[in-house]
Structure formats: structure tokens, C-alpha cells
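# Observations on chain architecture
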Amino acid sequence: MATRHDTAAPPAKGGAAPGRPPGATRTKGPVDKDERRRARQSRRWQRDVRWSPYAFVSPFFLLFLAFGLFPLIYTGWASLHQVELTAPTEMNWVGLRNYTRIFDDDFFWNAAQNTLTIGLISTVPQLMMAMGIAHILNYKLRASTFYRVVMLAPYATSIAAASLVFVLLFGRDYGMINWGLDLIGIDAVDWQGDKWPSQIAVSTIIIWRWTGYNALIYLAAMQAIPQDLYESAALDGANRWQQFLHVTLPSLRPTILFTAVVSTIGASQVFGEPLLFDANKGASGGAEHQFQTLGLYLYEQGWVNQHLGRASAIAWTMFAILIVIGIVNYVISRRLRASS
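The notes below deal with the structure included here. (Residues numbered from 1 in each chain as written. Predicted model: local features only at pLDDT ≥ 70, side-chain atom pairs only at ≥ 80, totals over all residues. Heavy atoms only, no water.)

### Description of the overall build of the chain
Looking only at helices and strands, one finds 13 helices and two strands in the chain. Relative to the 2.2 N^0.38 estimate, which gives 20 Å for 340 residues, the radius of gyration of the chain is 35 Å and therefore markedly larger than a compact globule would have. The dimensions of the chain, computed from C-alpha atoms along their principal axes, are 140 × 75 × 50 Å. Counting over 340 residues, the chain shows a buried share of 32%. Sequence-distant contacts, at least 24 apart, represent 66% of the contacts inside the chain between residues at least 6 apart. Total accessible area on the chain stands at roughly 22500 Å², and carbon and sulfur atoms take up 64% of it. (Helix = DSSP H or I, 4+ residues; strand = E, 2+ residues; numbered from the N terminus. Rg over C-alpha atoms; globule rule 2.2 N^0.38 Å. Buried < 20%, exposed > 50% of the residue type's maximum accessible area, 1.4 Å probe, protein only. Contact = heavy atoms within 4.5 Å. Areas by Shrake-Rupley, 256 points an atom, 1.4 Å probe, with all protein chains shown as cover.)

The structure is reproduced here in C-alpha cells:
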């Protein structure tokens, strides 16, 4: 039996597609240069798209690290030590003694109570007045731009200038407020010496400064409400007051929550108004600490009594209060979104 063996023929020399000769190099034409240039531009574009957003937001984070996060961490570390303003680099570990000491201090609880009452007296009327002003400005009025600028003017005014003017208005002997009360037969009120009158006077400064600011926020939110809702309510026979109750207020619930939280945070940090309202220009908040807030109490402990460790503990306590406010805001906002 014959066996067949097939073998491949050797490659022919000089065929139709001869191989590249040894040592030969490919010539770089204009097509190769364009491809490399497009590849470089593509890589550069990809790097730009990837890293440019981080470069744009990096200044904020750098400033936050330098002036926000580092002081926060350092203050927390200092709150666990005994530190004096005269020797800020000398720290003696005391643990939680600064916290237990301020919690046992009656002046701390007095300042916390004053902060709460001043916050309530200033926040509730402020937001209600801001809502009413925004509702009026939401309708077509002549010189509406002028009224909006006037509403923002108190916010742009210096705290020092506004507080000094209100000190003159609430003067016991020559103040205009007592002069007006005397015209209607009411005895003069010691606005700086008594507890409740002094807190009302300080709250009046806060209301005057922030009502216009919140009114503009409400006005912007009102102008975002579709006009179809008001037209439908008008066709159903609703007057302006009913439209405000059933259309405007439900649409402004997120904005109202936002302004309430921001005003509460601001009220917990009140400092300039009570400091400048004090006749003695001290951090005690009156002769009997009748309108001393937590901000004034912190300043008194740190820069008057020179106990930086205790002041740091007060600062972290206030920070914990703000965290609680933020958690409450988160819970309420989730329930509002679920209900809507």
C-alpha cells in the first residue's frame, strides 16, 4: 500500500507580496503625525475633563481645611486640656473636666436659656413678617425694585452701627421708645437692666436686620409658583387670602423649613447684638447676665477669663447643638417629601 506524504512548498522569492527587507524602516508620513497629534489631544482632553472639576473646587477645600477643619479639630483637642490664653502652647490633659465644669455652671444654663428665648422671640415674628412682606411684594406694585432694595438694606448695614442706633432708641431716660410709651401713659422701661425687656430689645435688632433678607427668599420662592394654580383657585372662587392659605403656603413648605433652620442656627450663634447692646460694653450680657447668650458666654470664658480650654468645650457643645438641629431638619424634610 502506497503512502502519500504532502509537504508545503517553500515560499517563492520575489512573489506578489514580498516581505519587508531586513533593516528597512517605515517612512513617517503626514498621516502618522496627524494620528499622533489627535491621540495627544484626546489624552489631554480626557485629563482635562477628569481633573478640571477638582481644580475648580480645590480653593474651597483648601480654605476649609485651613480655616474650618483644622480649627475645629484643634478646638476639640484643646477642650480636653487646661489651656490659658497667656500660654496657649502649654496644655495639661484634663479629659472631660471642662465639659463637666461648664455643665455644672449656672451661668452656662442661663446663657442657654437666654439663647433659646431670644431665638424664639426673634425668629417667629421675623419669619411671619417676612412672609407677609413677600406676599405683598409678589403682586404687581409700582417701584417694586425700590422696595426690594429697601428690604435688603438692613441686612447690608453694619451690626455695630445698627446696634448703636437701637441702644439710643431703647435708652431708659432719653430713648425714643420710652418717649413714645410716655405719650400713651406707660411708665419708662429699663430696656437694658430688666431681663425680658432687654431680650425683647436684642431680638428687635435681629428682627430688623434679617426680616428683609428672608422676605426676598420667600419672594423668590413665590415667583417660582406656577400662575396656573392661582388662576384655577380664582376660577373656583377663592379670594387672595384663601389663595395664600391653600396655594402659596403649601408650595413654600421647603423654603419655610430652610429659613426656619437657618434662622435657628443664626439665633444659636448670636453675639454682636447683645455685646454692643450692653451698657458696660462687656461680655456679661448685662449686670445680672440677663441677656447673655452662648456666644457671649464663650467669649467671656475664653478672652475675658482667659480659659481657652473651657471656651473650646463651649464651642464644641454649641457645635453639637447645631448637629442636632441639622438632624431634626433632615427628618422633617424627609417627612415633607414623603407627604408630598
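The structure having been displayed, the exposition proceeds.
### Regarding the packing of helix α8 (residues 227-235) against helix α9 (residues 240-251)
Two elements in contact, α8 and α9, have axes whose closest approach is 10 Å; the angle formed by their N-to-C orientations is 160°. The angle between the axes of α8 and α9 places the two elements in the roughly antiparallel class. The handedness of the crossing between α8 and α9 is right-handed. Residue-level inspection shows Leu229, Tyr230, Ala233 and Ala234 of α8 in contact with α9, the latter providing Gln243, Val247, Thr248 and Ser251. Here the contact of α8 with α9 is composed, by residue class, of five nonpolar, three polar and no charged. (Axes fitted to C-alpha atoms, helices over the stretch in contact; angles between N-to-C directions. Parallel < 35°, antiparallel > 145°, perpendicular 65-115°, else oblique. Left-handed = near helix turned anticlockwise from the far one by under 90°. Nonpolar A, V, L, I, M, F, W, Y, C, P; charged D, E, K, R; others polar.)

### Focus: the environment of Met131
Topologically, Met131 is positioned in helix α3 (residues 106-137). Owing to a relative accessible area of 8%, Met131 belongs among the buried residues under this scheme. Linking Met131 and Gln46, residues 85 residues apart in sequence, is a C-alpha distance of 49 Å. Beyond its immediate stretch of four places on either side in the chain, Met131 contacts Tyr218, Met222, Phe244, Leu249, Leu252 and Ile256.

### Observations regarding the side chain of Gln199
If you trace the backbone, Gln199 turns up in helix α7 (residues 195-223). A relative accessible area of 0% places Gln199 in the buried class. Looking at Gln199, its side chain comes within polar contact range of the side chain of Thr117, at 2.7 Å. Beyond its immediate sequence surroundings of up to four residues, Gln199 is in contact with Asn114, Thr117, Ile118, Gln290 and Phe291. (Polar contact = N/O pair within 3.5 Å; in protein donor to acceptor, adjacent residues only side chain to side chain.)

### Quick look at the nonpolar core
Counting 16 residues, the largest nonpolar core has Met131, Ala134, Tyr218, Met222, Ile225, Val247 and Leu252 as its most contacted members. When residues no more than four places from it in sequence are discounted, the contact partners of Ile225 are Tyr230, Val247, Thr248, Ser251 and Leu252. Membership of the second largest hydrophobic core comes to 14 residues, among which are Phe166, Phe170, Leu181 and Ala201. (Core = buried A, V, L, I, M, F, W, Y, C linked by side-chain atoms within 4.5 Å.)

### Looking at the packing of aromatic side chains
Applying the stated criterion across every chain yields a total of 22 aromatic pairs. A centroid spacing of 5.7 Å and a plane angle of 65° characterise the contact between Phe146 and Tyr147, whose relative ring orientation is edge-to-face. One aromatic cluster in this structure is built from Phe166, Phe170, Trp191, Trp208, Phe277 and Phe291. Between Lys195 and the ring centre of Trp196, over which it is positioned, the NZ or CZ distance is 6.0 Å. (Phe/Tyr/Trp six-rings, centres within 6.5 Å; stacked < 30°, edge-to-face > 60°. Lys NZ or Arg CZ within 6 Å of the ring centre and 35° of its normal.)

Purely geometric stuff here, so don't read any function into it on its own.
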